[in-house]
Amino acid sequence: MLKFLAGAFAIAGLIVAAGPIVIHLLNRRRFRVVEWGAMDFLRKAMQRSRRAVQLRDLLLLVLRCLTVALFGAALARPFVSGVSSTTLLVGAGTIAAVFLAVGLAATGILTSQSSVRRAAFPGALLCAAAVLAGLYSMLGPDATAGASALRSREPLHAIVLIDNSMSMAYESLEGTLLDRAKTRVAEFLDSLPSGSQIHIIPLCDSGSDANIAASAFRSKSDAREALDRVTPVDRVAVGTQAFDAARDAARQVPELPAKRVVLVGDQQADFWAGVSTEQLAALPDLQVMRIAADAAENVAITGFELQDGVADAETPAVFLVTVQLTGDQSLSNVQIALTVDGTEVASRLIDLEPGQLRQIEFRQRLDSVTDTGALGEGVSTATMIRATVTASVEGGVGDRLPRDNSRYLVVPVVAGLPVVFVDQAAGTEDLDRGVVGETYRLRRLLAPRVSTDEEENRQLIRIRHVSIDRLTAETLSDARLVVVAGVESPADSVPLLRQYVEQGGPLVIAAGADFDAEQWNELGWLDGAGILPVPLTGESFGQLPEVAVGTLEPFFLDTQSLQDDVFRIEGESDESLDDLYRLPLFFKAVAVDAGTEQLNALTASETVRISEQRQRATSLANVTISSANKRASDSSERFDESDTGSATSGSRHWLSWIADDRLTALAELSAGEMAERTRPRVLGRYTLEERPFLVERRVGAGRILFLTSGLYSSWNTLTATNTIVVFDRLLRRLIEDTLPERNFETGDVVPLPAEKSDLIRWQLDRPDGRTDLLAIEALSADRFGVLIRNGLFSGHYSVNSVATNANAADPTASSRPEATLLSFNCRPDESRLESLDALAFQSRFETSAARWLEADESFSVEGARISGRDLWKWLVAAVLVALLTEMTILAWPHRRSLVSEPDAQTSAA
């Protein structure tokens, strides 16, 4: 909006601009009209030049009026505040109305035609009214803040949001993008008025000083020192969090109402995802500066994972590496190297094309194996290996962001994990007599060899093959997976298996062999409180080959329905996957009710059931506390509420490896959220009437998968084809989910259970060699541990327990927990280097008053809404141009022609 520092001058200019019109009217009244016969000849002679005279007089009158009006506007010191499409229309309309009003008024005065006068004067009045309305908006109370900003050098509160995400480490001849950003911010700090307070807020914290943004700095020197301490970290900046931090900082300095918020960074498109115009409007004043590379050139490792999640000593581990090239030129001989525990074990040279996303596979046998009996209770003492993949470009050509050239993994190399298999032949299986259990092929997939105990312990799993009636809590207490297949009925095992799943155990159920759908539905569904993910109809469809009458009509998997990640094999095209999943023939399966109506009813009933269950648990806890306090009334002991968790959980939570943080996270969900989480999902269907093939449901901290056909019997040919490898992947991923998570994104807060003792202290060893002491904190009511909050750099970290001085010579110190390895990696989105530009910003935030700046522009102390401070100079120049134009018109040699023409007419007469 166009506004004025001294609006009175603008109004006075408009009033005085009417002076030439008034003078013209007064001059016309000074002369008397006298009829003179000779004038008739002069009138006829003047008719030809009347139009030229009127046009000249009109131009002179308009120029004189505008000269006075523009001079008054220049004295009023105009500026532009809050530029938007609406304000531009108001300002342009007001200026146009001034010109129209003057022009119409002059036309009405100078013309001799009454019809023109009747149209010109009302039009001039309407334009004058429009001018007054525009001036009111320009001179109203809302201009006070902008005018005060220009009128004085009063202290203000500056909030600097500086992007120090990983992409700001992009290198150029002028230094990194962060170096350039800090230079522009330093210039802005120097221009601030004395007495200003300054917040320096790194968008991703800072590796050197996490307390930079804690409070406002009262001097420019302190702010510059804080700015110098900002370093790039391997994190992704999030726009919504940045603007929330700016709003919180603005509230900390209420004594300075004038506030300026500046954001400087590469303005990646992902940064602005989720940011709304309303969020920008809530900020006091925002200026956004983009500092980005002209043409991005980067080689990045955007993916690094272990194909099956876990590794064992018998099977080569498959590492999958994804490499991406950003830029306009292809690169040759890019070296990709795999390092395991500090030793390079494999490398490969590859060529990359612009924009290419290439996946590389490394197969490596890992021989580090340890006993996994202590993998429970949330702290893993198993041997974990450090794996690193690195991309190297010769001479660094085509790669300006070396920080994303490496990714890191902590890989569990495990063996002998207990897995329970339950089928119809447990205890009676005899391959020679053809008595084979339904789980046989899966057992051979996960444990290819069965010989001595030593060799079995080197394989991924330790098989426990039991019948359904021999399942006990002791059998399941350390089991990482339970597979039940081909069993006629679940019998009395449903409550035990339900507890196993609720505590976090994965359960796979398959039909086949002796499976009886009616008995399973009666005993295993229990209105959603059993171990079936969905109810069975009690019927089966299809015919087994040995009992088929007439033509055998098999059905197949619907490849279009297999969209879950478990069915996607890395490096395989959609066509090859379709061919793979079309191989098995299915002859028989059981029918389930997985319709939308049934799932909605299940979600509603689960909400009620979970609410009632939590109410009963709360009542029981209160009774337990009251009884315990009554029993302890005669002693000095007091039963605390936190004891209830351990006391009651001791009877409920018998799974040895359960991580309590999973149960704690679930307890924070509402009943409705928990019920929605347990809603079953159909992961695959058959071609026959799109009936479900595989159904999944989460229950408590674990999950249940139900396969509606068999795994080995004549129900299908699944195990006779390569499609069975999908179940090997599925079971390995289920086992992986039971292991402690050790790979995280930078910036994640990682809780680790730890012993609270005066004899040991905990420390974090960083990849850069620095060591931080960790404080023991309460993770829940009855659990203590440490929180890793500052994993800001990609790499391997280690959490260690160290003996205190008093315990240095303690022989029991060797029993302290071993080091816990962690890895942190930046999100791969940060390597895309896709910046927002001014056009995209304005189209996305069209109604926002935020000001967009490029790197060669400067931040305005007056704020994003203030611009056009030098408009008065242009107005003075316009006044001079108008005066010169007037002088030119007056000096134009037309007077001689006007005189000579009447003389010629008189002599001719």
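These remarks concern the structure in this document.

What counts, and where the lines are drawn
- Residues numbered from 1 in each chain as written.
- Predicted model: local features only at pLDDT ≥ 70, side-chain atom pairs only at ≥ 80, totals over all residues.
- Heavy atoms only, no water.
- Helix = DSSP H or I, 4+ residues; strand = E, 2+ residues; numbered from the N terminus.
- Buried < 20%, exposed > 50% of the residue type's maximum accessible area, 1.4 Å probe, protein only.
- Contact = heavy atoms within 4.5 Å.
- Lys, Arg positive; Asp, Glu negative; His and termini not counted.
- Salt bridge = Lys/Arg side-chain N within 4 Å of Asp/Glu carboxyl O.
- Polar contact = N/O pair within 3.5 Å; in protein donor to acceptor, adjacent residues only side chain to side chain.
- Core = buried A, V, L, I, M, F, W, Y, C linked by side-chain atoms within 4.5 Å.
- Pairing = 2+ DSSP bridges.
- Axes fitted to C-alpha atoms, helices over the stretch in contact; angles between N-to-C directions.

### Some words on the environment of arginine 662
Thinking step 1. Mapping arginine 662 onto the fold places it in helix H20 (residues 660-667).
Thinking step 2. A residue is classified by how much of its surface remains accessible, and arginine 662, at 26% relative accessible area, is partly exposed.
Thinking step 3. The spatial distance from the C-alpha of arginine 662 to the C-alpha of alanine 701 is 6.5 Å, given a sequence separation of 39 residues.
Thinking step 4. Look past the residues within four positions of arginine 662 in its chain and what remains in contact with it is Gly504, Trp657, Ala701, Asp737, Thr738 and Leu739.

### Considering the side chain of glutamate 438
Thinking step 1. Of note, glutamate 438 is situated in the loop between strand S16 (417-422) and helix H12 (440-446).
Thinking step 2. Of the side chains with opposite charge, arginine 443 lies nearest to the buried glutamate 438, which makes no salt bridge, at 9.0 Å.
Thinking step 3. At 3.1 Å, the side chain of glutamate 438 forms a polar contact with the side chain of serine 713.
Thinking step 4. When near neighbours in sequence (up to four residues on either side) are disregarded, glutamate 438 contacts Asp423, Gln424, Ala485, Gly486, Ala511, Gly512, Ala513, Gly710, Leu711, Tyr712 and Ser713.

### Notes on the nonpolar core
Thinking step 1. Formed by 47 residues in total, the largest nonpolar core has its most connected members in Leu471, Leu476, Tyr500, Leu507 and Trp520.
Thinking step 2. With five residues, helix H15 (residues 494-502) is the largest single contributor of residues to this core.
Thinking step 3. Leu446, Ala589, Leu711 and Val726 belong to the second largest nonpolar core, which has 44 residues in total.

### So, the sheet that holds S16
Thinking step 1. Taken together, the seven strands give an open sheet; going across it, the order is S17-S16-S18-S19-S24-S23-S22, and neighbouring strands pair in mixed fashion. Looking at strand neighbours, the two that pair on one side only are strand S17 (461-466) and strand S22 (681-685), the edges of this open sheet. When the angles between neighbouring strand axes are averaged without regard to direction, this sheet yields 15°.
Thinking step 2. When strand S19 (residues 506-510) meets strand S24 (residues 702-707), the two strands line up parallel, connected through five bridges. Its bridge partner being in S24, leucine 507 is matched across the sheet by isoleucine 704.

### What about the sheet that holds strand S3 (residues 157-162)?
Thinking step 1. The parallel open sheet is built from five strands, whose spatial order is S6-S3-S7-S8-S33. In this open sheet, the two strands that pair with only one neighbour each are strand S6 (197-202) and strand S33 (851-854). Averaged over all pairs of adjacent strands, the angle between strand axes in this sheet comes to 20°, irrespective of strand direction.
Thinking step 2. The sheet contact formed by S3 and S6 spans six bridges and is parallel.

The quantities given are spatial measurements derived from coordinates; they are silent on function.
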